[in-house]
Structure formats: structure tokens, C-alpha cells
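Summary of the model geometry
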Amino acid sequence: MSSPLKLDRRPATTELDHSVATPEQDVPDTEPWLRVSLAGFVPLVLAIYLPAAYRPIPFVAGGLLVTCGIVMLIRQELRKSSSAREQH
């Protein structure tokens, strides 16, 4: 005959950290230009599965979003470099 299963009746000692980031803390976030550029790939992938007659619309939309993301990146970097020059 097998022995019965023994259960451990001790309370759990592991505590979970349920802290929430406050606005004062530095919370990592993606760059806005990156979100726009990645969103541009959604219509491009969608265009692959659409009939040929409907493909130009998502291609144009995806191209515009990716282009806007690149412009946003360039403007951000120019702004950073100009503010760095002003501090020196």
C-alpha cells in the first residue's frame, strides 16, 4: 500500500512586488518615431494578403507612416544635438 500524500501546511513566505511606477520614476518607453515606423509595417503586411486591386492603398499608407517615422527621428536627433550645443 502506498503512503498518503503529505501536504505542507506552512504559510507561503514568498512576497510578490506589486509596486506601481509613479510619475517621478523613470519608466522605460519606446520612442514615438519607433512606434510610428513599426505601425507602418502593419499595412505593408496586410497588403500582401489583399487582392492586387487593393494593394496600392496599404502600400501608400505604410510608406507614409515609415517616412513620417524617419522624419520624426531626424527631427528628434537635430533637436538633441542643438540642445547639447547650447549647453556647452
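Relevant structure appears above.
In this report, the structure presented in the accompanying data block is examined. The numbers attached to residues start from 1 for each chain and follow its sequence in the written order. Reporting in this predicted model follows two pLDDT cut-offs: at least 70 for local features of residues, and 80 or more for side-chain atom pairs to be given and counted; totals over whole chains, interfaces and linings ignore these cut-offs and use all residues. Side-chain measures were taken over the full set of non-hydrogen atoms in the model, leaving aside hydrogen atoms and water.

**Comments concerning helix 1 (residues 32-49)**
Spelled out, the test is: Accessibility here uses a 1.4 Å probe with only protein chains present; expressed as a share of the type maximum, an area under 20% marks a residue as buried, one over 50% as exposed, and anything in between as partly exposed. Counting from the N terminus, the helices are DSSP H or I runs at least four residues long and the strands are E runs at least two residues long. In this description, one arc is meant: the one made by directions from the helix axis to the C-beta atoms. Any two residues having at least one pair of non-hydrogen atoms within 4.5 Å are treated as being in contact.
Buried residues of helix 1: Ser 37, Gly 40, Pro 43 and Ala 47, and no others. Relative to the axis of helix 1, the buried residues are bounded by an arc of 110 degrees and lie together on one face. Facing away from the buried side of helix 1 by over 90 degrees, the exposed positions are Leu 38, Val 42, Ile 48 and Tyr 49. As for helix 1, its buried residues are in contact with helix 2 (56-87).

**Some remarks on the pattern of salt bridges**
Think of it this way: side chains of opposite charge can pair up when their charged atoms draw near. Test applied: When a carboxyl oxygen of Asp or Glu lies within 4 Å of a side-chain nitrogen of Lys or Arg, that pair is called a salt bridge.
In the structure shown here, the tally under the stated rule is two salt bridges. Note that Asp 29 is salt-bridged to Arg 35, the shortest N-O span being 3.5 Å. Judged by relative accessible area, Asp 29 falls into the exposed class, the value being 61%. The salt bridge involving Glu 77 is made with Lys 80; its shortest N-O contact spans 4.0 Å. Of this pair, Glu 77 and Lys 80 are both found in helix 2, three residues apart, which corresponds to roughly one turn of the helix. Look at Glu 77 and you get partly exposed, because its relative accessible area is 39%.

**Some details on the side chain of Ser 37**
Position of Ser 37 relative to the elements: it lies in helix 1. The buried category is assigned to Ser 37, whose relative accessible area is 9%. Setting aside residues no more than four positions away along its own chain, Ser 37 makes contact with Leu 65, Val 66, Gly 69 and Ile 70.

**Some details on a nonpolar patch on the surface**
What counts is decided by this rule: Patch members must show over 30% relative accessible area and no salt bridge, and they are joined within 9 Å when carrying like charges or within 5 Å when they are nonpolar side chains of Val, Leu, Ile, Met, Phe, Trp or Tyr. Note on areas: Shrake-Rupley, 1.4 Å probe, and residue coverage restricted to the protein chains presented here.
Among the surface-exposed residues, Leu 34, Leu 38 and Phe 41 lie close enough to one another that they form a single nonpolar patch of about 270 Å² accessible area. With respect to the helices and strands, Phe 41 occurs in helix 1.

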